[in-house]
Amino acid sequence: MRSEQDKGIKARAAAIGILFVMALGSSGTLRAAALSEEEIADLVFIREEEKLARDVYLTLSDTWGTGIFAIIASSEQTHMDAVKTLLDRYGIPDPAAGMGMGDFSDESGLKDYYIYLVDLGTESLIGAMEAGFIIEEMDIEDLREALSRTTHRDVSRVYTNLLRGSYSHLAAFTYQLERLGVTLEP
Ligand SMILES: [Fe+2]
């Protein structure tokens, strides 16, 4: 009698185990864990902040024809792509979809920055390098904040790569400014 009961319990436990594994299989392993509202807002903003950098550098590359802007613009494109991959993974709509040069969904001031930085960068070559310096300083600050707010390893990995890129761009613009006789304090 007792062993019959044991068998029943074991069979039920095994059945529950199977259900449990199925539940994990359908929700736990297939879907990425949800992002917080803050993490979503950061990703959406950074996608367009990288676009700001790319668009300003493409414009300044046309103005000055110096290689540095074209090279760094293509690096910003890879940054934009990396953030887009994350947006797709988490099912977040792309704010930059269908946006032309210098246009943004963002309403917190990216468009104003674009106009200001292109004006600054078109005035003189020093202004152009200063625009780059300002962009990278801004990116570094925002990326560091976003990094401190994410708990997702794939997101923090992308932010860390973007940060590394921004530090190297900042060093490039600082070097160009020094060659032009300008020393900027961060
Ligand atoms: Fe950059």
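Each value, and the rule that gives it
- Residues numbered from 1 in each chain as written.
- Predicted model: local features only at pLDDT ≥ 70, side-chain atom pairs only at ≥ 80, totals over all residues.
- Heavy atoms only, no water.
- Phe/Tyr/Trp six-rings, centres within 6.5 Å; stacked < 30°, edge-to-face > 60°.
- Helix = DSSP H or I, 4+ residues; strand = E, 2+ residues; numbered from the N terminus.
- Buried < 20%, exposed > 50% of the residue type's maximum accessible area, 1.4 Å probe, protein only.
- Lys NZ or Arg CZ within 6 Å of the ring centre and 35° of its normal.
- pLDDT = per-residue confidence, 0-100.
- Contact = heavy atoms within 4.5 Å.
- Donors = N, O, S within 2.8 Å, 3.2 Å for Na, K, Ca; no water.
- Tetrahedral: all angles 85-135°; square planar, octahedral: opposite > 155°, others 65-115°.

**What to know about the packing of aromatic side chains**
Turning to step 1, where the next piece is worked out: Using the criterion set out here, one finds four aromatic pairs in the structure.
Turning to step 2, where the next piece is worked out: Measuring from centroid to centroid gives 5.4 Å for Y57 and F173, while their planes differ by 40 degrees, and the two rings are tilted. Pair noted here: Y57 is in helix 2 (residues 37-64) and F173 is in helix 6 (residues 153-179), with a separation of 116 residues, a long-range link.
Turning to step 3, where the next piece is worked out: On the accessibility criterion, F173 (0% relative accessible area) is buried.
Turning to step 4, where the next piece is worked out: Just above the ring of F104 sits the side chain of K51; from NZ or CZ to the centre is 4.8 Å.

**Re the confidence of the model for the protein**
Turning to step 1, where the next piece is worked out: Chain-level pLDDT for the protein is 88 on average; 82% of the residues reach the 70-or-more range.
Turning to step 2, where the next piece is worked out: When pLDDT is averaged over each element of the protein, helix 4 (residues 110-123) comes out on top at 98 and helix 1 (residues 2-28) at the bottom at 49.
Turning to step 3, where the next piece is worked out: Below pLDDT 50 for its whole length, residues 16-30 participates in four contacts with residues either more than four positions away or in separate chains.

**Quick look at the coordination of the iron ion**
Turning to step 1, where the next piece is worked out: Looking at the iron ion, one finds its protein donor set to be E76 (OE), E136 (OE), E136 (OE) and H169 (ND1), positioned 2.0 to 2.5 Å from the metal centre.
Turning to step 2, where the next piece is worked out: If you look at the iron ion, its four donor atoms make angles of 53 to 139 degrees with each other, and the shape they trace is irregular.
Turning to step 3, where the next piece is worked out: Positions of the donor residues of the iron ion, expressed as sequence spacing, correspond to E-x59-E-x32-H. Residue E76 is found in helix 3 (residues 67-89), and its partner H169 is found in helix 6; the two are separated by 93 residues along the sequence.
Turning to step 4, where the next piece is worked out: Taking relative accessible area as the criterion, E76 reaches 0% and is therefore assigned buried.
Turning to step 5, where the next piece is worked out: The exposure class assigned to H169 is buried, which follows from its relative accessible area of 5%.

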